[in-house]
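Notes for the structure review
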Amino acid sequence: MSSTRNWFDLPPELKVNILSRIGHFQILENAQYVCSDWYKVCKDPSIWKVINLFRLRESIYSSDFWYAGLPGICKICKNVVDRSGGQLVDIVIPDLQTDEVLMYVADSDWYKVCKDPSIWKVINLFRLRESIYSSDFWYGGLPGIWKICKNVVDRSGGQLVDIVIPDLQTDEVLMYVADRSRKLKRLYMRCGWSDDLSIKSLHEALKKFPLLEELSVDFEYLTKEAIESAGRYCPLLKTLTLKKFSSSRKVNDEIGAAIGENLHELRHLKLINNTISNIGLKAILDGCHQLELLDLSVCVHIDLNGDVVKKCSERIKHLTLPDFHYEE
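The notes below deal with the structure included here. Quantities reported herein were computed from a predicted structural model and do not represent experimental measurements. (Residues numbered from 1 in each chain as written. Predicted model: local features only at pLDDT ≥ 70, side-chain atom pairs only at ≥ 80, totals over all residues. Heavy atoms only, no water.)

**What about the sheet that holds strand E5 (residues 186-190)?**
- Ordered in space as E3-E4-E5-E6-E7-E8-E9-E10, the eight strands form an open sheet in which the pairing is parallel. The open sheet is flanked by strand E3 (122-124) and strand E10 (318-320), the only strands paired with a single partner. Sheet twist, expressed as the mean angle between neighbouring strand axes with direction ignored, is 5 degrees. (Pairing = 2+ DSSP bridges. Helix = DSSP H or I, 4+ residues; strand = E, 2+ residues; numbered from the N terminus. Axes fitted to C-alpha atoms, helices over the stretch in contact; angles between N-to-C directions.)

**Considerations on the side chain of Lys 244**
- Within the fold, Lys 244 resides in strand E7 (residues 239-244).
- Among all residues touching Lys 244, those that are not within four sequence positions of it are Phe 219, Glu 220, Ile 272, Asn 273, Asn 274 and Thr 275. (Contact = heavy atoms within 4.5 Å.)

**Focus on the pairing of E5**
- Because side chains alternate across E5, one face comprises the buried residues Leu 187 and Met 189, and the other comprises Arg 186, Tyr 188 and Arg 190, none of which is buried.
- Here strand E4 (residues 162-165) runs beside E5; their pairing, made up of four bridges, is parallel. Across the sheet, Ile 165 pairs through a bridge with Met 189, a residue of E5.
- Taken together, the five bridges between E5 and strand E6 (residues 214-219) define a ladder with parallel strand orientation. From the neighbouring strand, Tyr 188 faces E6, where its bridge partner is Ser 216. (Buried < 20%, exposed > 50% of the residue type's maximum accessible area, 1.4 Å probe, protein only.)

**Remarks on helix H14 (residues 307-315)**
- Those residues of H14 lying buried are Val 308, Val 309 and Cys 312. An end-on view of H14 places all buried positions within 105 degrees of arc, on one side of the element. Turned more than 90 degrees from where H14 packs its buried face, Asp 307, Lys 310 and Glu 314 sit exposed. (Arc of directions from axis to C-beta.)

As structure tokens, then:
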């Protein structure tokens, strides 16, 4: 005699799997009323993570629920969304001659998802700015862009770890990030051409980034104070990229000396279009014994025949030298 398995002995996840196959309308109209056990299973949010309201609408049209008209259908659709308990990941919404259901979904599920700080841990304000330029938000001008950028930072809830900040003609956004993002690990910023305001703000902002591991700065004017701040307040800094906007025939080894004196734990260093000479390069090698990558692209004041360059070739695993040397 074959034994009969009791439904109540089935694992909860198996009950969910079975009932999820009969369709949402059948769950609402029939299955949930069979017994209290089934009712509990039918309330499980995992059944409602994927919702096809088109099929639900067709089922309603062929049932007694149609007497309630569109308001009744919308009410049922909202009930289905509520069942998801915020776990909704996929939805098909048919033409219901109203946006009521769409807005209900947005307010109850997607809006909550969009507010999740984990979405905003990595922010590229450069791309955001470009998107704003091509949208109706541009009517607010730069102050409008700053406001949106601040909103994005607020969404991170202090969990921001990676940010790209373009030249927004103000340091307001950088300081806003610094005051709210002590977990930041990667910072890329583009400083303005006209003055050293951004560099002064960078000097102050670095004091508030104790976990910073990567720093990349596009600049025209950069002071040793910013490098000193990085060494003093960012002990985990391992990667530094400094890219100068324009070339200069004047040698300046101040930045090289500051790097060698303050950033002893660097592993990766890129100095693009910088004005250091072999003197500044020697200071870097003497102070940064952990260097594995060194990029000196377009650093035209480096004498490629100098002893320090030979020393670089022997010590640095990944070395990029300038294509030529500029002689006075």
